[in-house]
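# Overview (structure and organization)
One-letter residues, chain by chain:
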Amino acid sequence: MMFKFMQRHKKTKIRRTAARDYAKSTQFNSKVKRLNLAIKRLSPSWQACLPLACLIVLGWGYMAVAQQTPAPAGPTTAELKIAIDTLWVAIAAFLVFFMNAGFGMLETGFCRQKNAVNVLAKNLIVFALSTVAFWAIGFGLMFGDGNDFIGLNGLFLGGADNSPATGDAYQGVFSALSWTGVPLAAKFLFQLVFAGTAATIVSGAVAERIKFVDFLIFSLLLVGIAYPITGHWIWGAGWLADFGFWDFAGSTVVHSVGGWAALMGAAFLGPRIGKYQDKQVVALPGHNMSIATLGCLILWLGWFGFNPGSTMAADPNAITHIALTTNMAGAVGGIAATVTAWLYLGKPDLSMIINGILAGLVGITASCAYVSIPSSIVIGLIAGILVVFSVPFFDKLGIDDPVGATSVHLVCGVWGTLAVGLFAVGPGGYSWMVDLAGKPVGPHGLFFGGGFSTLIPQIVGILSVGGMTVLVSSIFWLVLKATLGIRVTRQEELEGLDIGEHGMEAYSGFMKEASPSGFSESPSSGGMSPTGDIPGTM
């Protein structure tokens, strides 16, 4: 009986619970229906606002919870500055690296069709070689701690270094670069692309007759030894820097060094076959001025990394001022060369316009951070005029430079170095012309009240760097000439270095221009060479 009673009690309880749950469910459904009915009565605009209102309420709730949890500490101002400075240095380095494309196109366009592959190959491989040579010994010789003449530490980028610490806080073997607050890798990357530029300058001056292997060896020696030694004197806190020599971005350190090495290479190689006939200079025109013009524009763009990037810090005032002086000098250099060539040669020669722009850019490189915009106009103007007269001057001396590298980089590099001693505004003339302690520093030009205090060190620097580069590069060229021989055979030169050195053509399958009045197939077909010369003759 007790068991039956318990069963009846359970059933009664279950029925009551079910009835209560049913009542609650019915009540809830009724409320949902009323809510749906109320929503439907709203206008479409109000209905669309309901989800947004829900999101706002949820967001407020999340923020309330988040405020109760302490947020992790963000980067400090000093850390942000290092990051921004490093980013700027890297971007500038990429722009300078891209100048290799400009050099390759410029030199290829200025040379004859039968040597296009050779010129392209040299410009491509030279940066790869420069990377290895500068990493192994060049960077250490140039910026490693040592004495006033050469760096003795930091080979293979090794040694102590706590970059990006600066000034007295820096502890390492690259004290010459302790003024810039970026990591060591950024310092090396930026200086590497400069070293590669110096080697590339030589390529154009010795084009169309040098053996490929000799150029490779010379490039290694230049970037690994010659360039770093003279660079140490100036940018490595060496004796010229102590003497008061100033070169902000490399009119001497990069361009003049490359120009001196190119001059000696062209001199030891001798002129190309057909360049001089009956004691007269004969023009050997480039085969593609379109490529040369594009190369010039790429170089112009790259200079906005070359000069402003030498601040090695994201200083907006310095970067923009340097970019303006750089651009102004290049523009005026091109205009000046155009007008000068028009008056002197009778025609506005495109090759002179190109070299005039580059001349202005080279001329402003040493002083871009120290001069005003009006001064940059004068510097570019003189550089543009100089290059027009310099090209035929070297031709008359018997120095055969197919692209005018000696005129652009050597002559205008020397002029740009002198310009610092003439036009620099003086210590503290601009906000960035201070040291780490805020003390005013910088060159003071003759025309701005500085007397000869800066001009004399500039002259000494030009002569000493030029003399050292001529001596060392001459030794390199003479040793190569005595051992391997630096010039291709006469037959290879007439046929073209593309075939003789590389066994291929840049424009395979295309007709080749033989004379102004017609075309012929490649020399292998038994016709004339691409320059109109009969193979095996002058």
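Look above for the structure.
One structure accompanies this document, and this report is about it. (Residues numbered from 1 in each chain as written. Predicted model: local features only at pLDDT ≥ 70, side-chain atom pairs only at ≥ 80, totals over all residues. Heavy atoms only, no water.)

### A short note on the packing of aromatic side chains
Test applied: Aromatic pairs are defined between Phe, Tyr and Trp rings, using the six-membered ring for Trp, whenever the two ring centres lie within 6.5 Å; interplanar angles under 30 degrees are classed as stacked, those over 60 as edge-to-face, and all others as tilted. In this description a helix means any DSSP run of H or I spanning at least four residues, a strand means any run of E spanning at least two, and both kinds are numbered starting from the N terminus. When a residue's accessible area, from a 1.4 Å probe over protein chains only, is under 20% of the maximum for its type it is buried; when over 50% it is exposed; and in between it is partly exposed. Cation placement over rings: the criterion is NZ of Lys or CZ of Arg within 6 Å of the ring centroid and within 35° of the ring normal.
For the coordinates displayed, the defined rule picks out 23 aromatic pairs. Aromatic pair W303 and F306: ring centres 5.8 Å apart, planes at 40 degrees, arrangement tilted. One end of the pair, W303, and the other, F306, are both in helix α9 (residues 289-306), three residues apart, so they sit about a helical turn from each other. Here W303 matches F306 in class, with each residue buried. Put simply, the rings of F134, F139, F143, F174, F188 and Y227 pair up and form one aromatic cluster. In this arrangement the basic side chain of K122 is found over the ring face of F215, its NZ or CZ atom lying 5.2 Å from the centre.

### Side note on the nonpolar core
Stated precisely, the cut-off is as follows: Among buried residues, those of type Ala, Val, Leu, Ile, Met, Phe, Trp, Tyr and Cys that are joined through side-chain atoms within 4.5 Å constitute a nonpolar core. Contacts are residue-level and defined by heavy atoms, with any inter-residue pair within 4.5 Å sufficient.
By size, the foremost hydrophobic cluster in this structure holds 120 residues, and its most contacted members are F134 and Y227. In terms of residue count, the dominant contributor to this core is helix α5 (residues 184-205) (13 residues). What Y227 contacts, discounting residues up to four positions off in sequence, is F134, M142, F194, A195, A198, L222, W235, V253, V254 and V257.

### Looking at the pattern of salt bridges
Note on pairing: side chains with opposite charge can pair once their charged atoms come close. Where we set the bar: A pairing counts as a salt bridge when a side-chain nitrogen of Lys or Arg comes within 4 Å of a carboxyl oxygen of Asp or Glu.
Under the criterion given, the structure shown has six salt bridges. Its salt-bridge partner being E208, residue R112 comes within 3.2 Å of it at the nearest N-O pair. Residue R112 is found in the loop between α3 (77-110) and α4 (116-143), and its partner E208 is found in the loop between α5 and α6 (212-234); the two are separated by 96 residues along the sequence. Each member of the pair R112 and E208 is classed as buried. The network of salt bridges with shared partners includes R112, E208, R272 and D400.

### Considerations on empty space enclosed by the protein
Heads up, the rule is: Cavities and pockets are found on a 1 Å grid laid over the protein atoms alone: a cavity is a set of points where a 1.4 Å probe fits but cannot escape, a pocket is an open set with protein on both sides within 12 Å along at least five of seven lines, and a lining residue has an atom within 4 Å of such a point. Grid points are joined across faces, edges and corners, and a volume is the space filled by probe spheres set on the points. Three classes are used, and their members are as follows: Ala, Val, Leu, Ile, Met, Phe, Trp, Tyr, Cys and Pro are nonpolar, Asp, Glu, Lys and Arg are charged, and the others, Gly among them, are polar.
Evaluation of the coordinates by the stated rule reveals three cavities of 30 Å³ or more. What the largest cavity holds in volume is close to 60 Å³. Taken together, F103, L106, E107, T200, I201, N355, L358, V403, G404, A405, V408 and H409 form the lining of the largest cavity. Broken down by secondary-structure element, the contributors of at least two residues to the lining of the largest cavity are α3, α5, α11 (350-365) and α13 (405-423). Among the residues making up the lining of the largest cavity, the classes are represented as seven nonpolar, four polar and one charged.

### Things to note about the layout of surface pockets
Taken as a whole, the largest pocket holds about 1400 Å³ of empty space. Lining the largest pocket are 42 residues; nearest its centre among them are W179, F248, S310, T311 and V434. Looking at the lining of the largest pocket, the elements that each hand over two or more residues are α3 and α5. Top contributing element to the lining of the largest pocket by residue count: α3, with four residues. Taken together, the residues of the lining of the largest pocket sort by class into 26 nonpolar, eleven polar and five charged. A volume near 600 Å³ is recorded for the second largest pocket. K275, A283, S351, V391 and D395 are the residues nearest the centre of the second largest pocket, which is lined by 24 residues in total. Elements that contribute at least two residues to the lining of the second largest pocket include exactly α11 and α12 (373-396). Broken down by element, the lining of the second largest pocket gets its largest block of residues, four residues, from α12. Its residues placed into classes, the lining of the second largest pocket shows 13 nonpolar, four polar and seven charged.

### Quick look at unusual backbone geometry
Following S163, the chain continues to P164 via a peptide bond in cis, the omega torsion being 15 degrees. Note that P164 resides in the loop between α4 and α5. Backbone geometry places L157, a non-glycine residue, at a positive phi of 60 degrees. Structurally, L157 is set in the loop between α4 and α5.

### Quick notes on a nonpolar patch on the surface
To be explicit about the condition: Each patch is built from residues lacking any salt bridge and having more than 30% relative accessible area; the joining distance is 9 Å for like charges and 5 Å for nonpolar side chains (Val, Leu, Ile, Met, Phe, Trp, Tyr). What sets the accessible areas is the Shrake-Rupley method with a 1.4 Å probe; for residues, cover comes only from the shown protein chains.
Together, Y344, L345, V378, L381, I382, I385, L386 and F389 make up a nonpolar patch on the protein surface, roughly 610 Å² of accessible area in all. Put simply, the parts of the chain that give the nonpolar patch at least two residues each are α10 (316-345) and α12. The element that contributes the greatest number of residues to the nonpolar patch is α12, accounting for six residues. Along the chain, the position of L381 falls in helix α12. Accessibility expressed as a relative area gives 39% for L381, which makes it partly exposed.

### Focus: the side chain of Q191
Note that Q191 resides in helix α5. Once you skip the residues sitting within four places of it in the chain, Q191 turns out to touch F134, F139, F143, W235 and M312.

### Thoughts on the environment of G295
Looking at the secondary structure, you find G295 in helix α9. What makes G295 buried here is its relative accessible area of 0%. Sequence separation between G295 and F103 is 192 residues; the distance between their C-alpha atoms is 6.2 Å. Excluding its chain neighbours within four sequence positions, the residues that come into contact with G295 are G102, M105 and L106.

### As for the packing of α11 against α13
When two helices pack together, their arrangement is given by the angle between their axes and by how far apart the axes lie. We apply this condition: In this analysis an axis means a line fitted to C-alpha atoms, helices contributing only their contacting stretch, and an angle means the value between N-to-C directions, from 0 to 180 degrees. If an angle is under 35 degrees, it is roughly parallel; if it is over 145, roughly antiparallel; if it lies from 65 to 115, roughly perpendicular; otherwise it is oblique. If you view the pair so one helix is near and one far, a crossing is left-handed when the near helix is turned anticlockwise from the far one by less than a right angle, and right-handed when it is turned clockwise.
At a closest axis distance of 8 Å, the pairing of α11 and α13 adopts a crossing angle of 40 degrees. It follows from the interaxial angle that α11 and α13 lie oblique. In the crossing of α11 with α13, the sense of the turn from one axis to the other is right-handed. Residues N355, L358, A359, V362 and G363 of α11 pack against V408, H409, C412, G413 and G416 of α13. Residue composition of the contact of α11 with α13, grouped by class: five nonpolar, five polar and no charged.

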